[in-house]
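Residue-level listing of the chains:
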Amino acid sequence: MSQILKGTKLAKSSKQICEENGQTVSFYQNFVIVSSIFNFVAVVQPFVGLSYWLDYVLLGFFFCVGWGSLQFMRSISRPSYSGSGSLISSGVDLNMEYGIGEHLKDIIIYTSIVQVVSSFKTVLALLWLLLPLRFLYLIWVNFISPWIFALGPQLDENESTKKKRAKIKRIH
């Protein structure tokens, strides 16, 4: 809903952020519930003898990851109110680009997709291991790589010439 006016985005009000956060959490809650119900029906099918213990473990694991991410989304987006009922803080904007909310939404979507796909073939649950690889990639790109490959402090010409002269004096 953010509008663009002369190249800049308009700021959202705290009330609007609260409303959008509520809608976002509700949408992703339905996402987790539907994928878990689908997987549950696929695992606990009329042919119970065809399900293995690993199917039940994966069902619990995927549900815990999805629900845990959802609860974390709820906790960071929870607004704070004063004693009189006025809004003090709207919490974190879950729809902000490149924010923690975006990564939590990615975790929920990817986990739900892998959960549904793995209900057809259990070995496809290994696709979930790509999620930690993405996490490592984000850490490398955003934190480690800029720190390692950052340029050193630039010296102005006076300091560099002074250092060269001092080095020449030491040599002679």
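Overview of the structure. (Residues numbered from 1 in each chain as written. Predicted model: local features only at pLDDT ≥ 70, side-chain atom pairs only at ≥ 80, totals over all residues. Heavy atoms only, no water.)

1. What to know about the environment of Phe-120
Thought 1: Mapped onto the elements of the fold, Phe-120 is located in the loop between helix 3 (100–118) and helix 4 (130–148).
Thought 2: C-alpha of Phe-120 to C-alpha of Ala-42: the two residues are 78 residues apart in sequence and 7.8 Å apart in space. (Helix = DSSP H or I, 4+ residues; strand = E, 2+ residues; numbered from the N terminus.)

2. A few points about the layout of surface pockets
Thought 1: In this structure, the largest pocket occupies an estimated 270 Å³ of space.
Thought 2: At the level of elements, helix 3 and helix 4 are the ones that each hand at least two residues to the lining of the largest pocket.
Thought 3: With eight residues, helix 4 is the single largest residue contributor to the lining of the largest pocket.
Thought 4: Residues of the lining of the largest pocket, tallied by class, amount to ten nonpolar, two polar and two charged. (1 Å grid on protein atoms, 1.4 Å probe; cavity = no way out; pocket = protein on both sides within 12 Å on 5 of 7 lines; lining within 4 Å. Points joined across faces, edges and corners; volume = space filled by probe spheres on them. Nonpolar A, V, L, I, M, F, W, Y, C, P; charged D, E, K, R; others polar.)

3. Quick word on the packing of aromatic side chains
Geometry of an aromatic ring pair is reported as the spacing of the ring centres plus the angle between the planes.
Thought 1: A full pass over the atoms with the stated rule returns eight aromatic pairs.
Thought 2: Note on Phe-27 and Tyr-28: the rings are 5.0 Å apart at their centroids and 90° apart in plane angle, and the pair reads as edge-to-face.
Thought 3: Its relative accessible area of 10% is what places Tyr-28 among the buried residues.
Thought 4: On the numbers, 5.8 Å between centres and 15° between planes, the contact of Phe-63 with Trp-67 is stacked. With Phe-63 and Trp-67 both in helix 2 (residues 53–76), this residue pair falls four residues apart, about one helical turn. (Phe/Tyr/Trp six-rings, centres within 6.5 Å; stacked < 30°, edge-to-face > 60°. Buried < 20%, exposed > 50% of the residue type's maximum accessible area, 1.4 Å probe, protein only.)

Read these as geometric descriptors, not functional statements.
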